[in-house]
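This is what each chain is made of:
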Amino acid sequence: MPYDVEAIRRDFPILSMKVNGRDLVYLDNGASAQKPQAVIDRMVRLMTTEYANVHRGLHYLANASTEAYEEAREIVRGYLGAASTDEIIFTKSVTEALNLVAASLGQSIGEGDEIVLSIMEHHSNIVPWHFLRERKGAVIKWVPVADDGSFLFEEFEKLVTPRTKVVAITHMSNMLGTVTPIKDIARVAKAVGAKVVVDGAQAAVHMPVDVQDLGVDFYGVTGHKLYGPTGIGVLYGRRELLAEMPPFLGGGEMIRDVTKEYVTYGEPPHRFEAGTPPIIEAVGLGAALRYIEDIGRARIAAHEADLRDYAHERLSQINRVRIFGTAPGKGAIVSFELEGAHAHDVATILDRYGVAVRAGTHCAQPLLQRFGVTSTCRASMGLYNTREEIDRLAEALQKAHDFFA
């Protein structure tokens, strides 16, 4: 079937609005994607006809809410290719998921133990490991990238040693769109017994993910980039590792027994879901993933690849525009600067023409430093964007160019 982007756009109420008297062009999907009516309706239905706390009651609504919540866990399991729902932990974000892993694994990290990161990491996959550097004396080693943003695999291999305990790498850079060879990275890391932690916040949106095939130990995603609600993330973890890990947070639901003398913990995934979980948000995420699957991930990826290539073509025609990241096979993310103008000023002018892009550091300051800049603009495409919107971006950027000339 042909990819009917106009039909898809009608599923997203917000895309019909105007900004500054112009049709909205939303190209900030890398920060947060818009929500289809199917997600909105599913969350409203839960709140109006099914809601109660989960796992704790025997009445009708408690059973209905628990069933919907655990159904969402099964949807996520299938989406990521996990072997069991026991491997799917609901968190409030991918940031929390990565902090959970760092805090739990960190209890066995000691002085001089090595953690390998790439220079492309989002701060969410940097700061938790810096905690271990500061508090445990761990050593952080950084994998560089080429001028086109490509991951330098041979340099990565040189950094992995018998002292390497953790390799934590993004699957897709949120600034460059670079896709890293996670399966090969995992193979090298496992050869020295290191745990493999992957930030999949961007990759899970734009490409198929099969955690078993990738061979990773942990994989984090976030709902709001996947056309779902905020306040919901997911940590996939291999069952045998989760069963050995100490909890991250303590409270209700994550325990088996509590006495005055001792406490025993529940089994995964509930061991890592202390307190009332994000019930409504998890069900909304399940609806979002079903929406994506109904369209087809391969079809979405092909559509976004066309938009990416077209954006590179159109923006490269504008004088003084520098595009960051041209690695083969990159995702639908185009970061750029207009020389002589600050990214915030450029984004403000684009907004006057109804075009929404991100401007700033993208929570990737080490990567910006590598390219000698302090901020960039970023246009990130989603399943509902069009070539006509890329034209609108290019036209508005030309206006900014003329203004700052």
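Our subject in this report is the structure included herewith.

Looking at the overall build of the chain
In terms of helices and strands, the chain carries 15 helices and 17 strands. The C-alpha extent of the chain, read off along each of the three principal axes, is 70 × 55 × 35 Å. Between the mean site of the 43 positive side-chain charges and the mean site of the 52 negative ones, the chain shows a separation of 2 Å.

A closer look at the sheet that holds strand 13 (residues 321-324)
Spatially, 13-14-17-16 is the arrangement adopted by the 4 strands of the open sheet, whose pairing is antiparallel. The sheet is open, and its two edges are formed by strand 13 and strand 16 (358-360), each paired on a single side. When the angles between neighbouring strand axes are averaged without regard to direction, this sheet yields 30°. The pairing of strand 16 with strand 17 (residues 376-380) spans 3 bridges and is antiparallel. Residue pairing for strand 17: alanine 359 is matched across the bridge by cysteine 377.

Structural notes on the pairing of strand 4 (residues 88-91)
Working note: regular strand, side chains alternate between the two faces of the sheet. Going residue by residue along strand 4, you find Ile88 and Phe90 tucked away on one face and Ile89 and Thr91 tucked away on the opposite face as well. Both strand 4 and strand 10 (residues 233-237) contribute to a ladder of 4 bridges, which runs antiparallel. Bridge assignment links phenylalanine 90 to a residue of strand 10, and that residue is valine 234.

Things to note about the sheet that holds strand 7 (residues 164-170)
Read from one edge to the other, the open sheet built from 7 strands follows the order 4-10-9-8-7-5-6, with strand pairing classed as mixed. Whereas interior strands pair on both sides, the edge strands pair on one side only; in this sheet they are strand 4 and strand 6 (139-143). Pairs of neighbouring strands in the sheet enclose a mean axial angle of 20°, with direction left out of account. Bridge analysis of strand 7 against strand 8 (residues 195-199) gives 5 bridges, and the strand direction is parallel.

So, unusual backbone geometry
Geometrically, the link from proline 268 to proline 269 is a cis peptide bond, its omega value of 5° lying close to zero. Relative to the assigned elements, proline 269 resides in the loop between strand 12 (263-265) and helix 11 (279-295). Of note, arginine 320 is a non-glycine position whose phi angle comes to about 70°, a positive value. Counting through the fold element by element, arginine 320 comes out in the loop between helix 12 (297-315) and strand 13. The partly exposed category is assigned to arginine 320, whose relative accessible area is 30%.

Re a nonpolar patch on the surface
A surface patch of nonpolar side chains, about 320 Å² in accessible area, is lined by Ile255, Val258, Val263 and Tyr265. Within the residue set of the nonpolar patch, elements represented by two or more residues are strand 11 (255-258) and strand 12. Its location among the elements puts tyrosine 265 in strand 12. Since its relative accessible area comes to 36%, tyrosine 265 is described here as partly exposed.

Quick notes on the nonpolar core
General note: in soluble globular proteins, nonpolar side chains tend to be found buried as a group. Among the nonpolar cores identified, the biggest contains 80 residues, and Leu80, Phe156 and Tyr219 are the most heavily contacted of them. Here this core gets 11 residues from one element, more than from any other, and that element is helix 11. The residues touching phenylalanine 156, leaving out its near neighbours within four places in the chain, are Val116, Val143, Phe151, Val167, Ile185 and Val188. Residues Ile318, Ala347, Ile349 and Leu393 belong to the second largest nonpolar core, which totals 29 residues.

Digging into helix 2 (residues 37-50)
Between its first and last C-alpha atoms helix 2 spans 19 Å; for 14 residues at 1.5 Å apiece the expected length is 20 Å, and the two agree. Considered for burial, the residues of helix 2 that qualify are Val39, Arg42, Met43, Leu46 and Glu50. An end-on view of helix 2 places all buried positions within 95° of arc, on one side of the element. On the buried face of helix 2, the contacting elements are helix 3 (60-80) and helix 11.

So, how was this worked out
Residues numbered from 1 in each chain as written. Predicted model: local features only at pLDDT ≥ 70, side-chain atom pairs only at ≥ 80, totals over all residues. Heavy atoms only, no water. Helix = DSSP H or I, 4+ residues; strand = E, 2+ residues; numbered from the N terminus. Lys, Arg positive; Asp, Glu negative; His and termini not counted. Charge placed at Lys NZ, Arg CZ, Asp CG, Glu CD. Pairing = 2+ DSSP bridges. Axes fitted to C-alpha atoms, helices over the stretch in contact; angles between N-to-C directions. Buried < 20%, exposed > 50% of the residue type's maximum accessible area, 1.4 Å probe, protein only. Patch = residues over 30% accessible without salt bridge, like charges linked within 9 Å, V, L, I, M, F, W, Y side chains within 5 Å. Areas by Shrake-Rupley, 256 points an atom, 1.4 Å probe, with all protein chains shown as cover. Salt bridge = Lys/Arg side-chain N within 4 Å of Asp/Glu carboxyl O. Core = buried A, V, L, I, M, F, W, Y, C linked by side-chain atoms within 4.5 Å. Contact = heavy atoms within 4.5 Å. Expected span 1.5 Å × (residues − 1). Arc of directions from axis to C-beta.

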